[in-house]
Amino acid sequence: SGEDERVLHLAQREFGWISPEVMAYVAGLLELEPIKVYEVVTFYTMFHQKPPGKHVVECCATLPCALNGAAALLEHVERKLGIKAGQPTPDGRVTLRKAECMAACGGAPCLQVNGIYHENMTSEKADQLLAGLS
């Protein structure tokens, strides 16, 4: 339900990610079976199941973004960072993730950096964004 998601967002803001212990804690708060919280956390890509890097970069992979070059953009960012989607950089500075539908289809392809949308992305724009992450 929406309440579960709001509590999980608050928990992630507080703890940085949703560990099994945090899932159990949230389940207890909401008087739910732990599996129900686990199902929400594993369904939505915005919940981090591992500690993320300092910066989280997400590339939308849904059809409108895909039709506008999201796969090539993701490959470019992977090469630039030296990691694959789902991984953090070795220094922990950036975690790269592939996401499903950011609801920014009119500005496809879209990258989200630390929760901020960047639409109509190109490799050059992505390079500028990544260069600005300290």
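This text follows the structure it describes.
Everything numeric here is computed off the predicted structure, so don't read it as measured data.

Asks: An account of the overall build of the chain is requested, with residue identities and associated values reported.
Replies: When you go through the chain residue by residue, the secondary structure sums to 6 helices and 4 strands. In the chain, the succession of α and β elements from N to C terminus is α-α-α-β-α-α-β-β-β-α. The C-alpha radius of gyration computed for the chain amounts to 16 Å, which stays within 12% of the reference 14 Å derived for 134 residues, consistent with globular compactness. Burial analysis of the chain (134 residues in total) assigns 39% to the buried set. Intrachain contacts of the chain at a sequence separation of at least 6 include 57% that bridge at least 24 residues. Carbon and sulfur atoms provide 55% of the accessible area of the chain, an area that totals close to 7700 Å². Distance between charge centroids for the chain: 8 Å, based on 12 positive and 16 negative side chains.

Asks: Please give an account of the sheet that holds strand E4 (residues 116–118) that cites residues and values.
Replies: Reading across from one edge, E2-E1-E3-E4 is the order of the 4 strands in this open sheet, with mixed pairing throughout. Looking at the sheet topology across the chains shown, the edges are occupied by strand E2 (94–99) and E4. Going across the sheet, the axis of each strand differs from the next one's by a mean of 25°, ignoring polarity. Direction of pairing for strand E1 (residues 55–60) relative to strand E3 (residues 111–113): antiparallel, over a ladder of 3 bridges.

Asks: Could you give an account of the pairing of E1, with specific residues and numbers?
Replies: Burial analysis of E1 places 6 of its 6 residues in the buried class, the great majority of the element. Here E1 shows two buried faces, one formed by His-55, Val-57 and Cys-59 and the other by Val-56, Glu-58 and Cys-60. With 6 bridges joining them, E1 and E2 adopt parallel strand pairing. Counted as the bridge partner of Cys-59 is Lys-98 from E2.

Asks: Provide a residue-level description of the packing of aromatic side chains, including the pertinent values.
Replies: Where two aromatic rings form a pair, the distance of their centres and the angle of their planes describe that pair. Under the criterion given, the structure shown has 2 aromatic pairs. For the pair Phe-43 and Tyr-44, a centre-to-centre distance of 4.8 Å together with 90° between the ring planes defines the contact as edge-to-face. Its relative accessible area of 61% is what places Phe-43 among the exposed residues. Look at Tyr-44 and you get partly exposed, because its relative accessible area is 27%. Judged by centre distance (6.5 Å) and plane angle (80°), the ring pair of Tyr-44 and Phe-47 falls under edge-to-face. Connected via pairs of aromatic rings, a cluster forms that spans Phe-43, Tyr-44 and Phe-47.

Asks: Could you give an account of the nonpolar core, with specific residues and numbers?
Replies: Grouped together as the largest cluster of nonpolar side chains are 23 residues, with contacts concentrated most on Val-57, Leu-73, Val-77, Leu-81, Leu-96 and Leu-111. For this core, the secondary-structure elements that each account for two or more residues are E1, helix H5 (70–81), E2, E3 and helix H6 (123–131). If you tally residues by element for this core, the top one is H5, at 5 residues. Those residues in contact with Leu-96, other than ones at most four positions away along the chain, are Val-57, Leu-74, Val-77, Glu-78, Leu-81, Ile-83, Lys-84, Ala-85, Gly-86 and Gln-87. Judged by nonpolar contacts, the second largest core, of 12 residues, contains Leu-8, Ile-18, Val-37 and Val-40.

Cut-offs applied
Residues numbered from 1 in each chain as written. Predicted model: local features only at pLDDT ≥ 70, side-chain atom pairs only at ≥ 80, totals over all residues. Heavy atoms only, no water. Helix = DSSP H or I, 4+ residues; strand = E, 2+ residues; numbered from the N terminus. Rg over C-alpha atoms; globule rule 2.2 N^0.38 Å. Buried < 20%, exposed > 50% of the residue type's maximum accessible area, 1.4 Å probe, protein only. Contact = heavy atoms within 4.5 Å. Areas by Shrake-Rupley, 256 points an atom, 1.4 Å probe, with all protein chains shown as cover. Lys, Arg positive; Asp, Glu negative; His and termini not counted. Charge placed at Lys NZ, Arg CZ, Asp CG, Glu CD. Pairing = 2+ DSSP bridges. Axes fitted to C-alpha atoms, helices over the stretch in contact; angles between N-to-C directions. Phe/Tyr/Trp six-rings, centres within 6.5 Å; stacked < 30°, edge-to-face > 60°. Core = buried A, V, L, I, M, F, W, Y, C linked by side-chain atoms within 4.5 Å.

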